[in-house]
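Commentary on secondary and tertiary structure
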Amino acid sequence: MNGQPQGTAAHPQIVGWIASDAGQHKEAERIYRLGISAARQAEDYTLAGNVAGSLAYQFSNTGRESEGLRLAQAAFNDARAEAPPKARALYLDRVAWAHTKAGQALSEDSDGTESPAYLYWVDAGELRVMESRVYTELHRPLRAVPLLREVLSEYDATRTREMALYLSWLAVALADANEANAIAQPFRA
């Protein structure tokens, strides 16, 4: 091919996005469902999960939160064994978004059960820290620095281990951004 991804001319995700962005949600749903069906017939479960995730995202953003959550979770469950890491990360991001839009707390799993006590430290702030750590490792300081500053500004200073660790990541991200002066004062605007 000519370097373009296969199927870009009429990819159901892109066509669905266009319809959804135009407020034509029923048409977008029809397109997404057609794309899901075609991908399943072609036994491309990664593509089916991706298109289903787009429909789940639309549902979550248009007042159909519970449907969005069920579909995002199903897309992840159906395709995760075969899906490459980028696709799995996208599926999980859509599941997290669907949970957020459905108003479900992080302390509950999708079936409503409580998480084990040893996961007490996992909350929205910690997940943002994990996200910022990925950006730090990828040397993308424009994404890492704002996330780290936001989380650190709300962080309990008595958690010294975490503060020291996260401040070190902020220092690395600021160094990557050539902001040596800001390293000494990480909370400066």
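Residues numbered from 1 in each chain as written. Predicted model: local features only at pLDDT ≥ 70, side-chain atom pairs only at ≥ 80, totals over all residues. Heavy atoms only, no water.

Some remarks on the nonpolar core
Of all hydrophobic cores here, the largest spans 21 residues; its most connected members are Tyr 32, Ile 36, Ala 52, Leu 55, Leu 71, Ala 72 and Tyr 91. Elements that contribute at least two residues to this core include exactly helix H2 (25-41), helix H3 (45-61), helix H4 (65-79) and helix H5 (85-101). Among the elements that make up this core, the one with the highest residue count is H4 (6 residues). The residues contacting Leu 55, other than those within four sequence positions of it, are Glu 29, Tyr 32, Arg 33, Ile 36 and Leu 71. (Core = buried A, V, L, I, M, F, W, Y, C linked by side-chain atoms within 4.5 Å. Buried < 20%, exposed > 50% of the residue type's maximum accessible area, 1.4 Å probe, protein only. Helix = DSSP H or I, 4+ residues; strand = E, 2+ residues; numbered from the N terminus. Contact = heavy atoms within 4.5 Å.)

Examining a nonpolar patch on the surface
A contiguous nonpolar patch, built from Tyr 120, Trp 121, Leu 127 and Met 130 and spanning about 430 Å² of accessible area, is present on the exposed surface. As for its placement among the helices and strands, Met 130 is situated in helix H6 (residues 124-137). (Patch = residues over 30% accessible without salt bridge, like charges linked within 9 Å, V, L, I, M, F, W, Y side chains within 5 Å. Areas by Shrake-Rupley, 256 points an atom, 1.4 Å probe, with all protein chains shown as cover. Salt bridge = Lys/Arg side-chain N within 4 Å of Asp/Glu carboxyl O.)

A closer look at unusual backbone geometry
Despite not being glycine, Glu 43 has its phi angle at roughly 60 degrees, a positive value. With respect to the helices, strands and loops of the structure, Glu 43 is situated in the loop between H2 and H3. The backbone phi angle of His 139 is positive, close to 60 degrees, even though this residue is not glycine. Tracing the backbone through its elements, the reader meets His 139 in the loop between H6 and helix H7 (141-153).

Observations concerning the pattern of salt bridges
One pass over the full model with this rule turns up 10 salt bridges. Between Glu 126 and Arg 159 there is a salt bridge, with its nearest N and O atoms 3.8 Å apart. Taken together, the residues span a long stretch of sequence, with Glu 126 in helix H6 and Arg 159 in the loop between H7 and helix H8 (160-176) at a distance of 33 residues. With a relative accessible area of 26%, Arg 159 lands in the partly exposed category. Note that Arg 159 is salt-bridged to Glu 162, the shortest N-O span being 3.9 Å. On the basis of relative accessibility, which here comes to 18%, the residue Glu 162 falls in the buried class.

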